[in-house]
Amino acid sequence: MSRLLERLLGRLPIGWLQLIHQRGRFAAALSGVAFANVLVFVQLGLMNSMGTSTLRPYEFFQADIVISAADANTLVEGGNVARQWMLQALADPDVVGGMGLLVANVPWDRGETDISLTTFGIDPFRPQFLAPEITADIDVLQVQGAAIIDRMARGLPQEEAAAIRRQTPMAFETQGGTLTAYATFAGGGGFGGDGYLLVSDQTFLSLFPARSSGAPDHILLRLRSGADPNAVAARLRELIADPTLRIRSYADAMAQELRFQQTQRPTGVIFGFGVLIGVLVGIVIVYQVLSADVADHMREYATFKAMGYGQGFFLGVVVEEAVILGVFGFVPGVIAGWGILTLMAMVTTLPLYISFGMALTVFVGTVFFSALSGMIATRKLAAADPADLF
Amino acid sequence: MAERDASIQATALNHWFGTGEARKQALFDIDLRVARGSFTVLVGASGSGKTTLLTLLGCLREIQDGSVILLGQELRHATKAQNVRLRRRLGFIFQAHNLHESLTAQQNVLMGLQVKGHIDKAASDRAAAHVLGLLGLADRLDYLPANLSGGQKQRVAIGRALVGNPDVVLADEPTAALDWDTAANVVDLLKRLGQTRGTTTMMVTHDNRILDRADRILTLEDGRLIGDEDRRA
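The residue count restarts for each chain, going from 1 along the sequence in the order it is written. Here every chain gets a letter starting at A, and every ligand a number starting at 1, in the order they are written. Given that the model is predicted, a residue must reach a pLDDT of at least 70 before its local features are reported, and side-chain atom pairs must reach 80 or more before they are shown or counted; all residues, however, enter totals for whole chains, interfaces and linings.

(A) Looking closely at the overall build of chain A. Secondary structure assignment for chain A yields 13 helices and nine strands. Both definitions apply: the radius of gyration is a C-alpha atom measure, and the globule rule equals 2.2 Å times residues to the power 0.38. In terms of C-alpha radius of gyration, chain A reaches 29 Å, well past the compact-globule figure of 21 Å for 390 residues. C-alpha atoms of chain A, sized along the principal axes, occupy 95 × 50 × 35 Å. Labels follow a simple rule on C-beta atoms placed from the backbone: if 20 or more others lie within 10 Å of a residue's own, it is buried; if 12 or fewer, it is exposed; otherwise it is partly exposed. Across the 390 residues that make up chain A, the buried fraction comes to 44%. Each residue gets a C-beta atom placed from its backbone, and two residues are in contact if those atoms lie within 7 Å. Across chain A, contacts joining residues at least 24 apart in sequence account for 78% of those joining residues at least 6 apart. The numbering of helices and of strands both runs from the N terminus, where a helix is a DSSP run of H or I of at least 4 residues and a strand a run of E of at least 2.

(B) Highlighting the packing of helix α3 (residues 23–55) of chain A against helix α9 (residues 250–263) of chain A. Residues and elements named next belong to chain A. To get an axis, a line is fitted to the C-alpha atoms, and for a helix only the part in contact is used. The angle between two axes follows their N-to-C directions and goes from 0 to 180 degrees. Where α3 contacts α9, the axes come no closer than 10 Å and their chain directions differ by 140 degrees. Taken together, the axes of α3 and α9 are oblique relative to one another. Read as a crossing pair, α3 and α9 show a hand that is right-handed. Taken together, the residues of α9 that come into contact with α3 (itself represented by Met-47, Met-50, Gly-51, Thr-54 and Leu-55) are Met-254, Glu-257, Leu-258, Gln-261 and Gln-262. Each residue is assigned to one class: nonpolar for Ala, Val, Leu, Ile, Met, Phe, Trp, Tyr, Cys and Pro, charged for Asp, Glu, Lys and Arg, and polar for all the others, Gly among them. Partitioning the contact of α3 with α9 into residue classes produces five nonpolar, four polar and one charged. In these notes the angle categories are as follows: under 35 degrees is roughly parallel, over 145 is roughly antiparallel, 65 to 115 is roughly perpendicular, and the rest is oblique. Note: crossing handedness is left-handed where the near helix turns anticlockwise from the far helix by less than a right angle, and right-handed where it turns clockwise.

(C) Spatial organisation of the environment of Thr203(A). All names here are of chain A. Here Thr-203 shows up in helix α7 (residues 201–207). By C-beta crowding, Thr-203 is classed as buried, having 26 other C-beta atoms within 10 Å. It is 22 Å that separates the C-alpha atoms of Thr-203 and Gly-188, two residues lying 15 residues apart in sequence. With residues near it in sequence (within four places) discarded, Thr-203 still touches Gln-144, Gly-145 and Ala-146.

(D) How the structure looks around unusual backbone geometry. Residues and elements named next belong to chain B. Positioned with a positive phi, Leu-71 is a non-glycine residue whose angle comes to about 50 degrees. Its location among the elements puts Leu-71 in the loop between β4 (65–70) and β5 (73–74). Under the C-beta neighbour-count criterion, Leu-71 is labelled partly exposed, with 16 such atoms within 10 Å. Its identity is not glycine, yet Asn-165 carries a phi of approximately 50 degrees, on the positive side. Considering the arrangement of structural elements, one finds Asn-165 in the loop between α5 (150–162) and β7 (168–172). Looking at Asn-165, the number of C-beta atoms within 10 Å reads 16, which means it is partly exposed.

(E) Broad picture of the nonpolar core. Put simply, a nonpolar core is a cluster of buried Ala, Val, Leu, Ile, Met, Phe, Trp, Tyr and Cys residues tied together by C-beta atoms within 7 Å. Ranked by internal contacts, the top residues of the largest apolar core, which has 113 residues, are Phe41(A), Leu42(B), Leu57(B) and Leu170(B). Sort the elements by how many residues they give to this core and α3(A) lands first, with 15 residues. Among all residues touching Phe41(A), those that are not within four sequence positions of it are Gly333(A), Val334(A), Gly337(A), Leu341(A), Ile354(A) and Val362(A). Membership of the second largest hydrophobic core comes to 54 residues, among which are Ile67(A), Met99(A), Ala181(A) and Leu245(A).

(F) Looking closely at the interface of chain B and chain A. Across the contact, 23 residues belong to chain B and 19 residues belong to chain A. For the side of chain B that touches chain A, the leading source of residues is helix α3 (residues 105–114) of chain B, giving five residues. Class assignment of the residues belonging to the side of chain B that touches chain A gives a composition of nine nonpolar, nine polar and five charged.

(G) Here's a closer look at the confidence of the model for chain A. Looking at chain A, the pLDDT average stands at 89 and 99% of residues meet or exceed 70. pLDDT measures how confident the predictor is about each residue, on a scale from 0 to 100. When pLDDT is averaged over each helix and strand of chain A, the minimum, 79, is found for helix α1 (residues 2–9) of chain A and the maximum, 96, for strand β8 (residues 218–223) of chain A.

(H) A look at the sheet that holds strand β3 (residues 39–44) of chain B. Residue and element names in this part refer to chain B. Strand pairing is assigned whenever DSSP detects at least two bridges linking the two strands. The sheet built from six strands is open, its strands ordered β6-β7-β8-β3-β9-β10 with mixed pairing. One side of each edge strand has no neighbouring strand; the edge strands of this open sheet are β6 (90–93) and β10 (224–230). Strand after strand, the sheet turns through a mean of 15 degrees between neighbouring axes, direction not considered. With four bridges connecting them, β6 and β7 associate as parallel partners. Across the sheet, Ile-93 pairs through a bridge with Ala-171, a residue of β7. Packing against the sheet, α5 makes contact with β6 and β7, and its axis sits at approximately 170 degrees to β6.

(I) The sheet that holds strand β6 (residues 177–185) of chain A, seen in detail. Residues and elements named next belong to chain A. The strand order β5-β6-β4-β7-β3-β2-β8-β1-β9 describes an open sheet built from nine strands, whose pairing is mixed. Pairing within the sheet leaves two strands with one partner each, and these edge strands are β5 (170–174) and β9 (245–249). Going across the sheet, the axis of each strand differs from the next one's by a mean of 30 degrees, ignoring polarity. Alignment of strand β4 (residues 146–150) against strand β7 (residues 195–200), held across three bridges, turns out to be antiparallel. If you follow Ile-149 over to β7, its bridge partner there is Leu-197. The strands that helix α8 (residues 229–240) touches are β1 (65–69), β2 (95–110), β8 and β9; relative to β9, the one it contacts most, it runs at about 160 degrees.

Now the structure itself:
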């Protein structure tokens, strides 16, 4: 390692030699950096999971534009939208189809645990609005009381979900009625619900008699091939000009909900702060280690100053130490972070994992912030006065 | 002495410490010319200003009043960068060895070479080993300072100062931790460097045996240069 660093740096790897000279302190510093990494990974994993689970229901549908109530910050929240706007939107030459989307949470009493399924009421005769996986089974929804259930729903055992077929459906009581699941699709639990359920609009209305097909939660629109969703959305906003509505491209709706969840929801803000705290903990740990190291070697550094070494040399030594701490601390950090997130994913069924991009970001961030801490620590070197050596 | 032959030239050099009423003058009107290649010993009681003079000549302190020309360069008003560059042409030997605890004897000596820029590793390793060999430490190259005696550490520090072939060596009691044979060896080495390479040495010492080998003895008292004995004549 020393030889490799000497080749890389073109000088003696003093930072590395200093670190390994005091192995106890080195190990403690690496543990500290690894701990900060674990904090960041867990918080980023949760934040990422929130993003994934937030956007997951959007993936069940295929649409170009969505019309929602102005207060609908998410797909499962907000007021209703009059279906008349769908008819109005269809007047635009680029709009080729529309579908009302009904949304509500359905509680499911499963004995020891009650789970909540986010339920979408859809028109079973408009498969073009659904993801291909769901389209394959959409015909079952034409039967009143039929459902397609999320096989990854929290609280639904895998073997039980795997047994659901058209020939072996699963019936369950909810909302004072009976639903029968004939097929499954991949959804997954999120932060707001335990899973998803798809039913026809008619079945939905039988579960929720107070709701009306004339006032869905959202209106999904499909455009002719090649049409620009943003341009059409802008035209529709002019055409409809109702301040109680939000008319956005489907992609914008997804992006805005993600931003809302991450910056407006307490959970998103908490996870964001968690990442910040992890970074700060890392900076403080690396700074403490390096500044103690600089203080311990003040006479040696003053000697080097007297010999003619400049500030760049000292900066290089301290940054060398910082980068070593960052790189070596990252390895146990990513392993421990991966282990913790895997365990949490098993317990919560949330999509918790470390993606390559996340690992790369944390690695670069770790090295960057370690180097930054090192640079701050070199300020102490101003106190190393070579004249005091005589 | 011709100007070009002087490695160090101080004129009307004064220096103070502190400010206001606490201001105390440490050096008074020092005029000094030190010939290239000479071995000069600086003596005087504690607090006489020897160390202050050494730090001023070594561009470790700012010149407040008067002039110091070191290796042809005026130090008064010199920038930090100029001072740093000039210090690379000097060799410092401190009373305390100040070796880097994480570096071996050879690596500590290499630090004296590395400051001069990139030098072939094999060549610099050989140079460091050679200097340590001259100082009787050929079998201690890979020893960390913690595993060396006080005298051995001091010899490593001397090697670090000399390995880069400095033009001027400034030393403060460098032989205090050495037995006489080793100290004599070090003094001989410094004198030999003066004769062969023109290395100028200015050494603070209280060791009378070294005084006997000095080319010139300067005596300081209360910040004033009161004695200047040229022994080469």
